[in-house]
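# Examining the three-dimensional arrangement
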Amino acid sequence: MATPTPQAELLALVASMRAAVEELRATGVAGFPPGGITPAPATRNEPPTIMAAGGGDQATDAHPSLAALRAEIGDCQRCKLHQGRTHLVFGVGNPNAEIMFVGEGPGQDEDLQGEPFVGRAGQLLTEIITKGMKMRRADVYIANVVKCRPPNNRNPEPEEIAACEPFLLRQIECIRPRVLVALGKFAAQTLLRETTPITRLRGRWFDYHGIKLMPTFHPAYLLRNPADKKLVWEDIKQVLAEVGRPL
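Keep in mind it's a predicted model, so treat the numbers as computed, not measured. (Residues numbered from 1 in each chain as written. Predicted model: local features only at pLDDT ≥ 70, side-chain atom pairs only at ≥ 80, totals over all residues. Heavy atoms only, no water.)

Attention shifts here to the overall build of the chain. When its secondary structure is counted, the chain shows nine helices and six strands. Classification of the 247 residues of the chain by burial places 41% in the buried group. Considering only contacts within the chain whose residues lie at least 6 apart along the sequence, 70% involve residues at least 24 apart. Within the structure as shown, the chain displays about 13700 Å² of accessible surface, and the carbon and sulfur contribution to it stands at 55%. (Helix = DSSP H or I, 4+ residues; strand = E, 2+ residues; numbered from the N terminus. Buried < 20%, exposed > 50% of the residue type's maximum accessible area, 1.4 Å probe, protein only. Contact = heavy atoms within 4.5 Å. Areas by Shrake-Rupley, 256 points an atom, 1.4 Å probe, with all protein chains shown as cover.)

Rendered as structure tokens:
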């Protein structure tokens, strides 16, 4: 009689163990449920939830740092706006800010310097923050819907907004401000998925993924319509009260 090979002995052992397991399973022994093991359902990729905390830990995996997000954007060429830019204008300010301002897009001065709101409109925004709100510009966070300057400061086109918007949403997720201030029509309508004119949106509170959102006029509009500065100031006073800084 031929001596079994090691491979044959191993196959016989496996078959014997399988038979023993099936016998235990059939009797309902704990650890061997009848019918075998049911695979766990596949985990669905849920869309990220933006959480408002106003000062959360920026180093957690759930809320990556702004620096990591900026590195991910890199030398962005996701839409045609990259063709004419000097600098990509990411954002500036306190990564733990309670108040975040969101504008439309960089202008010429912003494109040259790589920082949002540094031209004439930006100087007015800085005055609102420093003289009106009695805060430093570095205490808030400032960003735009699109990160590259549209040619001749034209309005951003839908595909340009669509290419940039995910990065804005992740900036908000990183910062988790208590209040968002949407500056002008494009910022407000992009964040709120609204087509309502800014004249009807401003001064009213909206909810943005659990974050209070206040639309108001863009500083560039105020340069052309200085009489409406008083309306923006009324909106800003509501923002200050919401974060516990009443005047």
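Next up on the list: the environment of Gly107. As for its position among the elements, Gly107 is in the loop between strand 2 (99–103) and helix 3 (108–113). Measuring from C-alpha to C-alpha, the distance between Gly107 and Gly119 comes to 7.6 Å, with twelve residues separating the pair along the chain. Residues within four places of Gly107 in sequence aside, it is in contact with Arg149 and Asn153.

What follows covers empty space enclosed by the protein. Within this structure, the stated rule accounts for two cavities of 30 Å³ or more. Put simply, the largest cavity is a space of about 100 Å³. In terms of lining, the largest cavity is formed by 14 residues, of which the most central are Cys76, Cys79, Lys147, Cys148 and Cys164. It is helix 5 (residues 158–175) that provides the largest number of residues to the lining of the largest cavity, a total of three residues. Residue classes in the lining of the largest cavity are distributed as nine nonpolar, two polar and three charged. Each pocket or cavity is described by its volume, and for the second largest cavity that value is around 40 Å³. (1 Å grid on protein atoms, 1.4 Å probe; cavity = no way out; pocket = protein on both sides within 12 Å on 5 of 7 lines; lining within 4 Å. Points joined across faces, edges and corners; volume = space filled by probe spheres on them. Nonpolar A, V, L, I, M, F, W, Y, C, P; charged D, E, K, R; others polar.)

Let us look at the sheet that holds strand 6 (residues 211–216). Strand order in the open sheet formed by six strands is 1-3-2-4-6-5, with mixed pairing between adjacent strands. Of all strands in the sheet, those bounded by a partner on one side alone are strand 1 (92–93) and strand 5 (206–208). Direction of pairing for strand 5 relative to strand 6: antiparallel, over a ladder of three bridges. Paired with Asp207 across the two strands is Lys212, which belongs to strand 6. Along the sheet face, helix 6 (residues 185–192) touches strand 2, strand 4 (179–183), strand 5 and strand 6 and points at about 130° away from the line of strand 4. (Pairing = 2+ DSSP bridges. Axes fitted to C-alpha atoms, helices over the stretch in contact; angles between N-to-C directions.)

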